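What follows is each chain in one-letter form.
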Amino acid sequence: MIRGLSLALVISAGCIDDGGPRLDAVLPIAAPRNAMVTLTGQRLCGPSADCARATGEIVLGLSPPQVHADVVTTAADRIQVVIPAIAELGATHLIATVDDRSSNALPFEVLP
């Protein structure tokens, strides 16, 4: 204690891994509508890596109106999607949801 002042210790818990999907990268990081992009990451077919049984989606945008991307191929560490023709132009984010668990958001840009 400093004369008349008390010090508080703040502990940050940080992010806890809930076993849901995790996105590492998107290639390319910018593409036009109807282009195919590849997302890489972890647990993209759920914690058991069973792509045949996992349910999920890729959306563009953090808040409404979000747009669903068309999934072309899925693997435990890679998903290929087509950027929808109705996606808004400009900066956005890509988010994976697998078995009701959402991933982190990756920045992405929809080009004209």
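Small disclaimer: the values here were computed from a predicted structure and weren't measured. (Residues numbered from 1 in each chain as written. Predicted model: local features only at pLDDT ≥ 70, side-chain atom pairs only at ≥ 80, totals over all residues. Heavy atoms only, no water.)

1. A word on the overall build of the chain
In terms of helices and strands, the chain carries zero helices and ten strands. Order of helices (α) and strands (β) in the chain, N terminus to C terminus: β-β-β-β-β-β-β-β-β-β. The 112 residues of the chain split such that 33% are buried. Taking contacts inside the chain between residues at least 6 apart in sequence as the whole, the part at least 24 apart equals 57%. When the accessible surface of the chain is totalled, it reaches about 7,200 Å², and 56% of it is carbon and sulfur. (Helix = DSSP H or I, 4+ residues; strand = E, 2+ residues; numbered from the N terminus. Buried < 20%, exposed > 50% of the residue type's maximum accessible area, 1.4 Å probe, protein only. Contact = heavy atoms within 4.5 Å. Areas by Shrake-Rupley, 256 points an atom, 1.4 Å probe, with all protein chains shown as cover.)

2. Looking at the side chain of Thr38
Within the secondary structure layout, Thr38 lies in strand 3 (residues 36–42). Of the residues examined, Thr38 reaches a relative accessible area of 16% and is grouped as buried. There is a polar contact of 3.4 Å between the side chain of Thr38 and the side chain of Gln80. Ignoring sequence-local partners within four residues, the contact set of Thr38 consists of Ala25, Val26, Leu27, Arg78, Ile79 and Gln80. (Polar contact = N/O pair within 3.5 Å; in protein donor to acceptor, adjacent residues only side chain to side chain.)

3. Points about the nonpolar core
Ranked by size, the top nonpolar core spans 19 residues in total, and within it Leu39, Ile58 and Phe108 carry the most contacts. Looking at this core element by element, the count peaks at three residues for strand 10 (residues 106–111). The residues contacting Ile58, other than those within four sequence positions of it, are Leu39, Val67, His68, Ala69, Val71, Ile79, Val81, Leu94, Ile95 and Ala96. (Core = buried A, V, L, I, M, F, W, Y, C linked by side-chain atoms within 4.5 Å.)

4. Structural notes on the pattern of salt bridges
Opposite charge on two side chains makes pairing possible when the charged atoms of those side chains draw close. Applying the stated criterion across every chain, the model contains one salt bridge. With a shortest N-O distance of 4.0 Å, Arg53 and Asp50 are connected by a salt bridge. Look at Asp50 and you get partly exposed, because its relative accessible area is 28%. (Salt bridge = Lys/Arg side-chain N within 4 Å of Asp/Glu carboxyl O.)

5. Observations regarding unusual backbone geometry
Following Leu27, the chain continues into Pro28 via a peptide bond in cis, with omega recorded as -10°. Along the polypeptide, Pro28 turns up in the loop between strand 1 (22–27) and strand 2 (30–32). Cis geometry is adopted by the peptide bond preceding Pro65, which originates at Pro64 and carries an omega value of 5°. Counting through the fold element by element, Pro65 comes out in the loop between strand 4 (56–60) and strand 5 (67–68). With phi around 55°, Arg43 is a residue other than glycine that occupies positive phi space.

Spatial relationships are all this shows, so hold off on functional conclusions.
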